[in-house]
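# Coordinate inspection notes
Listed below, chain by chain, are the residues.
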2 protein chains.
Amino acid sequence: MPTIKDVAKHANVSVATVSRVLNENGYVNEDTREKVLESINKLDYQPNELARTLYTRRSRMIGLIVPDITNPFFPELARAVEDVTNAKNYTFILCNSDDQVLKEKNYIDVLRKKYVDGFIIVTSTLTNDHLEGINTPVVALDRNFEPDIPCVSADNYHGAKLAVEHLHNIGCKKIAHVAGPEFVMNAQHRLRGYLDMVADKPFFSEDLVVNGDYHLQNAKEATMNLLKAHPDIDGIFVGNDLMAVGVLKAAETLAIKVPDQLSIVGFDGITLGETTSPALTTIAQPIYDMGAKATNLLMDMIEGKPVEETEYTFPVQLVERESAKKGMMLSE
Amino acid sequence: MPTIKDVAKHANVSVATVSRVLNENGYVNEDTREKVLESINKLDYQPNELARTLYTRRSRMIGLIVPDITNPFFPELARAVEDVTNAKNYTFILCNSDDQVLKEKNYIDVLRKKYVDGFIIVTSTLTNDHLEGINTPVVALDRNFEPDIPCVSADNYHGAKLAVEHLHNIGCKKIAHVAGPEFVMNAQHRLRGYLDMVADKPFFSEDLVVNGDYHLQNAKEATMNLLKAHPDIDGIFVGNDLMAVGVLKAAETLAIKVPDQLSIVGFDGITLGETTSPALTTIAQPIYDMGAKATNLLMDMIEGKPVEETEYTFPVQLVERESAKKGMMLSE
DNA sequence: GTGAAAGCGCTAACAG
DNA sequence: CTGTTAGCGCTTTCAC
């Protein structure tokens, strides 16, 4: 691999001059410019990013930290981040935290040592203390974790209300909620949305809310218990689509027909929801747009552009598929 | 951030000495060692990986290139790679190629400039020509693409036979195949396995094989056409689980009952297959083990250990769930 | 306009 | 055993 020195020698100039044409910075005679460019071409010279980074302290890499890469929501998000970073000639590094602060911290440490230019973090457990002394730009995605860190997320509260409202509209008389982990901000908002819709209804009692931890299996088990204790539940709003699949499974196991006997509405709008039987009615977030927005935002911060807002909330949307339909109680 | 110089000054030694205790290499007096260690602690010094890399040409990073991060198979694989790289103090960079040589090449270029120590590549389109001049270790995963590149994959051919055999055993009389892309090696092997089992059967005709391109939607459409043309098909071996979900969908759309009227066997053993209704009978690969093996293999190559074998084939296994069951034709 | 030289933070001869 | 020094490949003052 040729170095800048080789190019300089070949073109009969100094390395400084080569560097100047490389970075299009400083004066350089048109003729020598041509000469240098020619040498670069001839030698197939590629600047060494690393050496560059060592000096400039910019690596053109960003880190994306997500809690669970096997939840399809995050690959879809990652896909957006990838496209934007690529388009801007950046590289992104995907990190999986399992929602463990320790792993998050570790990744941040490792990546900072590699001079990454910024982080996009999906986290519930990280606080400013962990970020202390980091002057690397950070944007929060999907879950906001510190007031002064720009955050891109969906309108979780409103989405939850939308979901419950829909279940109500199609005639459900007793609506339960399978929630995400308590420590996850968006799960809280979704829960709150649910509660604000049903808390004053006569059918409501606190044990209509169970915890599924954003995991399929946990959701399935929690739902089995829920449905056994309350056989008259006819609608469930589930905190995310992955868990909703678990709820679907639970219903199947108990031989409860969806949507005839039980209507289910999920949250997220991941592709997985289209493929279940019945296909999942859900509150869809603009996943790709959110990922892209977060990435663009981060790039702007990296490039020193001022960030106007600190909170970007994306609208959500009810997607009617099969798991929640107007049924027999339509007349209501 | 303190540098090695700061530590040297603090400990009243030269940078060389600090470097020596850092790398545990060369002689250094126990007392001065202590002293240096103390300074390192006091200053909370962290060696700059980048500067190190520039000199050693080793970055402790590897690249993982996969064709489609939104196919759950690959996150599961990535998960294994992540765990192993972390355990060995490496970082991995995930790249998505969309099965496009151009993107693959581009990623390889970019990452090489960042001095990554090795690549794990899932590809069908890359050839040695593209890797020419790369003296970075490479291992192929899931799909072998060049004879002299070590490859970790599953026994696709045998798995396919297993699948067809199972369909046969439970009484299927007319077994079709939804294949993956022709240019993908493992898809070829699976197709061959199928053909070797059925080519001499009276029911067989070439149009029992359709192409689903390893995509859910394509598989669904292809299957709709297939089932319309051959309503008497009672068993389908599908090239991967993702497509099998599409096949399930197709059957549902046509009001064909699975497994009562039609048995379906997939391939891969991804978690998604447990969550469909009916749950997917499939040929499971040891996905995590394969990912881990490939990573360990790559690490060994990076560390200069000799590689004994060049082909690591993992056994596959029939996982019986609900989409293929002994049905009415059991008596056969 | 262009080149010499210092330096980004670290490693590895080479002396002593 | 330890320090001096020359790089790794690039960028950027500062002279000329």
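Residues numbered from 1 in each chain as written. Chains lettered and ligands numbered in written order. Predicted model: local features only at pLDDT ≥ 70, side-chain atom pairs only at ≥ 80, totals over all residues. Heavy atoms only, no water.

## Focus: the side chain of A:Thr281
Residue and element names in this part refer to chain A.
- Positionally, Thr281 belongs in strand E10 (residues 281-284).
- Thr281 sits in the buried class, given a relative accessible area of 0%.
- A distance of 3.4 Å separates the side chain of Thr281 from the backbone nitrogen of Ala324, its partner in a polar contact.
- Dropping the residues within four chain positions of it, Thr281 is found in contact with His166, Ile264, Val265, Gly266, Leu318, Val319, Glu320, Arg321, Glu322, Ser323 and Ala324. (Helix = DSSP H or I, 4+ residues; strand = E, 2+ residues; numbered from the N terminus. Buried < 20%, exposed > 50% of the residue type's maximum accessible area, 1.4 Å probe, protein only. Polar contact = N/O pair within 3.5 Å; in protein donor to acceptor, adjacent residues only side chain to side chain. Contact = heavy atoms within 4.5 Å.)

## A short note on the protein's contact with DNA strand D
- Around DNA strand D, 27 residues are found, and the nearest of them are A:Ile4, A:Tyr45, A:Arg52, B:Arg20 and B:Arg57.
- In the interface set of DNA strand D, defined as its atoms within 4 Å of the protein, sugar plus phosphate atoms amount to 66%.
- At 3.0 Å, a side-chain N or O of A:Ser19 approaches a phosphate oxygen of DNA strand D.
- At 3.3 Å, a side-chain N or O of A:Tyr55 approaches a sugar or linking oxygen of DNA strand D.
- Those elements giving two or more residues to the surface near DNA strand D turn out to be helix H1 (4-11), helix H2 (15-23) and helix H4 (49-56) of chain A together with helix H2 (15-23) and helix H4 (49-56) of chain B.
- In terms of residue count, H2(A) provides more of the surface near DNA strand D than any other element does, four residues in total.
- By residue class, the composition of the surface near DNA strand D is 12 nonpolar, 10 polar and five charged. (Near = heavy atom within 4 Å. Nonpolar A, V, L, I, M, F, W, Y, C, P; charged D, E, K, R; others polar.)

## A short note on the domain arrangement of chain A
- Structurally, chain A comprises domain 1 (4-56), domain 2 (61-154 + 287-314) and domain 3 (156-286).
- A straight line from the C-alpha centre of domain 1 of chain A to that of domain 3 of chain A covers 61 Å. (Domains from an automatic or database assignment.)

## Thoughts on the side chain of B:Thr276
- Counting through the fold element by element, B:Thr276 comes out in the loop between helix H12 (272-275) and strand E10 (281-284).
- From its side chain, B:Thr276 meets the backbone oxygen of B:Pro278 in a polar contact 2.9 Å long.
- Not counting chain neighbours up to four residues away, the residues in contact with B:Thr276 comprise A:Lys249, B:Val245 and B:Leu248.

## A closer look at the UniProt feature "domain: HTH lacI-type" (unreviewed entry) in chain A
- In the UniProt entry, the feature "domain: HTH lacI-type" (unreviewed entry) is given for residues 2-56 of chain A.
- Along residues 2-56 of chain A the backbone is 71% helical and 0% strand, and the end-to-end C-alpha distance reaches 21 Å. (UniProt positions renumbered as here; feature names shortened; annotations may be inferred.)

## Here we look at the sheet that holds strand E1 (residues 61-66) of chain B
Residues and elements named next belong to chain B.
- Here six strands make up an open sheet; going across it, the order is E2-E1-E3-E4-E5-E11 and the pairing parallel. Two strands bound the open sheet, and with one partner strand each, they are strand E2 (91-96) and strand E11 (311-314). For this sheet the average axis-to-axis angle between neighbouring strands, irrespective of direction, equals 15°.
- Relative to strand E5 (residues 151-154), strand E4 (residues 138-141) is paired through two bridges, and the arrangement is parallel. Paired with Ala140 across the strands is Cys151, a residue of E5.
- Its contacts with the sheet put helix H6 (residues 101-113) on E1, E2 and strand E3 (118-121), and the angle it makes with E2 is roughly 155°. (Pairing = 2+ DSSP bridges. Axes fitted to C-alpha atoms, helices over the stretch in contact; angles between N-to-C directions.)

## Observations concerning the pairing of strand E4 (residues 138-141) of chain A
All names here are of chain A.
- Alternating residues of E4 divide into Val138 and Ala140 and Val139 and Leu141, and every residue in both groups is buried.
- As paired elements, strand E3 (residues 118-121) and E4 share three bridges and run parallel to each other. Counterpart to Ile121 in the pairing with E4 is Ala140.

## A word on the nonpolar core
- In terms of nonpolar packing, the biggest core is built from 150 residues, with A:Ile236 and B:Ile236 touching the most fellow members.
- Excluding anything up to four places from it in sequence, B:Ile236 contacts B:Leu167, B:Ala176, B:Val178, B:Thr223, B:Leu226, B:Leu227, B:Val247, B:Leu262, B:Ser263, B:Ile264 and B:Val265.
- In this structure, A:Met61, A:Tyr107, B:Cys95 and B:Ile108 belong to the second largest nonpolar core, which totals 36 residues. (Core = buried A, V, L, I, M, F, W, Y, C linked by side-chain atoms within 4.5 Å.)

## Re the confidence of the model for chain A
- For chain A, per-residue confidence averages 92 on the pLDDT scale, and residues scoring 70 or more make up 98% of the total.
- Low pLDDT, under 50, characterises residues 328-332 of chain A; the predicted model gives this stretch seven contacts beyond four residues in sequence or across chains. (pLDDT = per-residue confidence, 0-100.)

## Quick notes on the relation of the copies chain A and chain B
- It takes a turn of 180° to lay chain A on chain B, together with a shift of 0.0 Å along the axis; the resulting RMSD is 0.1 Å. Such a combination of rotation and displacement between the chain copies is what one expects of a two-fold axis. Among all residues of chain A, the minimum C-alpha distance to the rotation axis is found for A:Ile93, at 2.5 Å.
- Most of the interface of chain A is mirrored in chain B, where 100% of its interface residues are also at the interface. (Least-squares fit on C-alpha atoms with pLDDT ≥ 70 in both.)

## Thoughts on the interface of chain A and chain B
- Contact residues are listed per partner, giving 46 residues for chain A and 46 residues for chain B.
- Where chain A abuts chain B, roughly 3900 Å² becomes buried across the two surfaces, and 57% of that area is made up of carbon and sulfur atoms.
- When residues of chain A are sorted by the area they lose upon contact with chain B, A:Leu50, A:Lys113 and A:Lys114 head the list and together hold 17% of the total.
- Remark: the boundary between chain A and chain B carries two salt bridges.
- The closest approach of N and O atoms between B:Asp98 and A:Arg79, which form a salt bridge, is 3.0 Å.
- Run the count over chain A and chain B and you get 20 residue pairs in polar contact (both at pLDDT 80 or more).
- Looking at the side of chain A that touches chain B, the elements that each hand over two or more residues are H4, helix H5 (73-87), strand E2 (91-96), helix H6 (101-113), helix H11 (241-253) and helix H12 (272-275) of chain A.
- When grouped by side-chain class, the residues that make up the side of chain A that touches chain B number 20 nonpolar, 11 polar and 15 charged. (Buried area = accessible area lost by both parts, 1.4 Å probe. Salt bridge = Lys/Arg side-chain N within 4 Å of Asp/Glu carboxyl O.)

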